[in-house]
Amino acid sequence: MTKKILELLPTELTNYLISIGEKEYRAKQIFNWIYNKRSSDFNEMTSLSENLRERLNSDFSFNLPIIEQKSISQDGTTKYLLSLADDAKIEMVLIPNEKKNTLCISSQVGCFRKCEFCATATLEFTRNLETYEIIAQVFLAINELKETKLTNLVFMGMGEPLDNFDNLVKAINIMQHDLCFNFSPRRITVSTSGVVPKITDLADTGLKIKLAVSLNSANQTKREELMPISKKYPLTELKKALIDFRKKASYRITLEYVMIKDFNIGKEDANALIKFMGDISCKLNLIKWNAVNGLKYEAPSGNEVERFRKLMNVQKSAVTFRRSRGEDIEAACGQLAAKNVH
Ligand code: SF4
């Protein structure tokens, strides 16, 4: 089986080139073709010798996913249904904004964390994405944007990224490398449901990224109901891991809080949240939950959202309200479910 060129770091490609008797500088040329000229065809790489191109063709493949479907929201958000080499389906979402273009990346096919509010949880967990399948999403998104720059990457698509730890870390290293995509660390956010030991491992890698935690309730009983992972890693352990993470990390942590009608937006919920945020250097991102067919929860009204925002006003400087994008095409937070999975 051929190796995947999109999961190589420059040092790895250099070692390969030396092993076949080629010069080291060829690695730079090849990465320039892939990451600057956006080529996914070795035959196009005319600065390489014909022999080397033939050798690359026989040893490596790109295996880019096929874009099966593209849904464009009224607000410009675009959801892509991608088909992988084994016919597994994932989704990625491009969210344009005035100053930035954000790609929401998937890390797994399905997800086994089974959060009650999430459409992805309704799918069977099939497998982790390989590093090259994560990188390929960025590659495709940059090609789709053409002359417009892709500025931000968020691991908030299908799957729990920290359950695919090694491939995630390798992919981020490739994303940040100056010979590859050269993304600034503050432009990459990893969002987790709270896999406590992996939060610690992530801090220990020394990798610079932004961390977001999908919290959704600071009440242990309610969080367990909403997110079964909280039975294994309770809020007390999560909080400790976040405080430790923050000591080693460069950026403030973001707590994501999806507001659900009659569930997590009362006064007691606000008080529990304020207490939880207390000793963590963090920001809070409030998001109105989007209804998902077949799930038991309801979206709150505008007034209910406003009331909860006011209850959280004591933490004013740290609280933001994120409007969900792409709701009409089911590309908003928690709505990704690769509808055409077969
Ligand atoms: S919210 Fe995230 S971790 Fe939870 S089921 Fe959905 S994709 Fe998995």
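Residues numbered from 1 in each chain as written. Predicted model: local features only at pLDDT ≥ 70, side-chain atom pairs only at ≥ 80, totals over all residues. Heavy atoms only, no water.

A.B. asks: Explain the site of the ligand to me, and be specific about the residues and the numbers.
C.D. replies: Lining the immediate environment of the ligand, one finds Cys111, Arg113, Lys114, Cys115, Phe117, Cys118, Ala121, Gly159 and Ser193. Looking at side-chain class alone, the shell around the ligand contains five nonpolar, two polar and two charged residues. (Near = heavy atom within 4 Å. Nonpolar A, V, L, I, M, F, W, Y, C, P; charged D, E, K, R; others polar.)

A.B. asks: Please provide a residue-by-residue account of the sheet that holds strand β14 (residues 319–322), values included.
C.D. replies: A sheet is described by the order of its strands in space; here 10 strands give the open sequence β3-β4-β5-β6-β9-β10-β11-β12-β13-β14, paired in mixed fashion. The open sheet has two edge strands, β3 (66–72) and β14, and neither has a second partner. Within the sheet, the average angular offset between the axes of one strand and its neighbour, ignoring direction, is 25 degrees. By the bridge criterion, six bridges tie β3 to strand β4 (residues 78–83) in an arrangement that is antiparallel. The residue of β4 that forms the bridge with Ser71 is Lys79. Here helix α4 (residues 131–145) sits on the sheet in contact with β3, β4, β5 (89–96), β6 (101–104) and β9 (152–155), set at roughly 45 degrees to β5. (Pairing = 2+ DSSP bridges. Helix = DSSP H or I, 4+ residues; strand = E, 2+ residues; numbered from the N terminus. Axes fitted to C-alpha atoms, helices over the stretch in contact; angles between N-to-C directions. Contact = heavy atoms within 4.5 Å.)

A.B. asks: Tell me about the environment of Leu123, and name the residues and values.
C.D. replies: Checked against the element boundaries, Leu123 lands in the loop between β7 (108–109) and β8 (127–128). C-alpha of Leu123 to C-alpha of Lys79: the two residues are 44 residues apart in sequence and 18 Å apart in space. What Leu123 contacts, discounting residues up to four positions off in sequence, is Gly110, Cys111, Lys114, Met158 and Ala337.

Function cannot be inferred from these measures alone, as they are strictly geometric.
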